[in-house]
Amino acid sequence: MTSNAYILTVLELVRKNVRFFLGASLAALALRLLFVMYFPAVVDDSRLYADIATNWLRHGVYGITNSGQIVPTLARLPGYPAFLAAIFAIFGSNNFRAVLLMQTLFDLATCFVIADLARRMLSDRAAKVALLLAALCPFLANYAAAALTETLEIFFTASALNFAARGLATLRDNSAAKQLAIWLCCGLSTSACILLRPDGGILFGAVAAYLFTLFLQSLLGRRTEAYAPRSLLRAGLILTLSTFIPLVPWTLRNLHTMRRFQPLAPRYANDSDEFVMPGFNRWTKTWIVDYTSVQEIYWRVPGDQIDAARLPQRAFDSTQQQQDTQQLFTDYNQDHDLTPELDARFAALAATRIRSAPLRYYLWLPALRIADMWLRPRTELLPADPRWWEFDDEVAWLLVSVVFGLINAAYIVMAALGLVRWREIFGIGLFVLFVVLRSLLLGTLENPEPRYTLECFPVVIVMAALFISKSNANDRKPA
């Protein structure tokens, strides 16, 4: 389909359903403005990003303010600070209300990108369902009201997947010019994801791996589709160059300013002179599975008091180990500082626990962390009690937690039921691969935060739209 034909197709769909698209847009806008007005989230990370953006804008230094001095940093990638700097330049420094309103517009655009993805992969009917599911998704709306990277990350993820779906279709007609434009847009969208957060690289890995799989199958003659190896190689080259060339200025800056080869952000978002607590981090991964423990234990070190009573029983393999852990907490709580000596003691404890149960560390706990990130009620930005299962929160917020949990479960169940009909979905392998790779990566983290799975929601919503719309081969609209 040419660009003109594509535009005409979309305009015809909108013309036939003006009231629906207008109503869905207004509902999406109202829901997001509700969160912006009553539950805006400006957290510590927001202020750090804003500090970098302000110093970059006013002083031309990509750095943080430390004791009144501006110190260059590489702890955060430049994507979100650049976004904040652009808004601050127009609407004034630290104008977070303008930031959240702009993110609301981005999130509205995400709804339409997801709808277009469903139209390409499935049908016009599925596109309408996907738009409604995205517009009314409280989790996407909630993060539009948070001065964090999620909203932009989801927008560019959905855009990259949409361009990839279209790019896969162009591989059949062997049009070099068309492939260049589409895969260039896919690569630039992927690069934007990476410049916002380093885990955006998973998206590139999924698309590149899928293209490579098609290439091997094409060489072996195992696919019925007419994918020419040359077209696949061309697509992979364009995707790779357009993804990584925008990272070059950031890499060169780090080499020049920080004397360090760092094309992304460090694993623990730390600067060169910051202690990363490897022993404590490794010990944490021997027991942590849920976001509640992230709030109560992980985020509090260093600097805050931690309560050993908040540790679950799975953090101990014996009474002696429990006593040793409590002593570590007691020693830390004396001055709230995790010294290298104390960190080494955590490392020794972690090594003992891993040796005693390697499958727990390498398999069962990562699986539980992944499950928690996917299934937990997504109320982390709201005043609801994270220990919702104890049912001792205020009635209103307990109800919110239960409702959010049910809504989240509904999206996932509908997506799973839609996935059962995978044969009807063009390019389904790419989207499943992306979700699987991202989930596996998230399982390796010490901090299982539900927000990290939101980048998968464009795929979740499209799969759910397939289930609801009951699309079939007769009403499919190929990409």
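Up top you'll find the structure we're talking about.
Quick look at the structure, then. None of the values given here were measured: they were computed from a predicted structure. (Residues numbered from 1 in each chain as written. Predicted model: local features only at pLDDT ≥ 70, side-chain atom pairs only at ≥ 80, totals over all residues. Heavy atoms only, no water.)

### Thoughts on the overall build of the chain
- Helix and strand content of the chain: 20 helices and two strands.
- Taken against the 2.2 N^0.38 rule, which gives 23 Å for 479 residues, the C-alpha radius of gyration of the chain at 24 Å falls within 12% of a compact globule.
- Taking all 479 residues of the chain together, the buried fraction comes to 52%.
- Partitioning the contacts of the chain with sequence separation of at least 6, the portion at a separation of at least 24 is 74%. (Helix = DSSP H or I, 4+ residues; strand = E, 2+ residues; numbered from the N terminus. Rg over C-alpha atoms; globule rule 2.2 N^0.38 Å. Buried < 20%, exposed > 50% of the residue type's maximum accessible area, 1.4 Å probe, protein only. Contact = heavy atoms within 4.5 Å.)

### Description of the pairing of strand β2 (residues 69-72)
- Relative to β2, strand β1 (residues 63-66) is paired through four bridges, and the arrangement is antiparallel. Looking at β2, one finds that Thr65 is bridged to Ile70.
- Where β1 hands over to β2, the hairpin turn is made up of two residues, of which Ser67 adopts a positive phi near 55 degrees. (Pairing = 2+ DSSP bridges.)

### Describing a nonpolar patch on the surface
- Together, Leu237, Leu241, Ile245, Val248, Leu252, Leu255 and Phe261 give the surface a local cluster of nonpolar side chains, amounting to about 680 Å² of exposed area.
- Counting only elements with at least two residues in the nonpolar patch, the list comes to α11 (229-244) and α12 (248-257).
- If one sorts the elements of the nonpolar patch by residue count, α12 sits on top with three residues.
- Mapped onto the secondary structure, Leu255 falls in helix α12.
- On the basis of relative accessibility, which here comes to 38%, the residue Leu255 falls in the partly exposed class. (Patch = residues over 30% accessible without salt bridge, like charges linked within 9 Å, V, L, I, M, F, W, Y side chains within 5 Å. Areas by Shrake-Rupley, 256 points an atom, 1.4 Å probe, with all protein chains shown as cover. Salt bridge = Lys/Arg side-chain N within 4 Å of Asp/Glu carboxyl O.)

### Considerations on the packing of helix α4 (residues 79-91) against helix α5 (residues 96-121)
- Across the interface, α4 lies against α5 with an axial gap of 10 Å and an inter-helix angle of 120 degrees. When the axis of α4 is compared with that of α5, the two are oblique. In this structure, α4 crosses over α5, and the sense of that crossing is right-handed. Along its contact with α4, which presents Tyr80, Phe83, Leu84, Ile87, Phe88 and Phe91, the element α5 presents Ala98, Val99, Met102, Gln103 and Phe106.
- Looking at the contact of α4 with α5 residue by residue, the class counts come to ten nonpolar, one polar and no charged. (Axes fitted to C-alpha atoms, helices over the stretch in contact; angles between N-to-C directions. Parallel < 35°, antiparallel > 145°, perpendicular 65-115°, else oblique. Left-handed = near helix turned anticlockwise from the far one by under 90°. Nonpolar A, V, L, I, M, F, W, Y, C, P; charged D, E, K, R; others polar.)

### Section: the packing of helix α17 (residues 358-375) against helix α19 (residues 428-442)
- Packing of α17 against α19 leaves a shortest axis separation of 8 Å and a crossing angle of 115 degrees. Judged by the twist between their axes, the crossing of α17 over α19 is right-handed. Residues Ile370, Met373 and Trp374 of α17 touch α19, and the partners they reach there are Val435, Ser439, Leu440 and Leu442.
- Looking at the contact of α17 with α19, its residues break down into six nonpolar, one polar and no charged.

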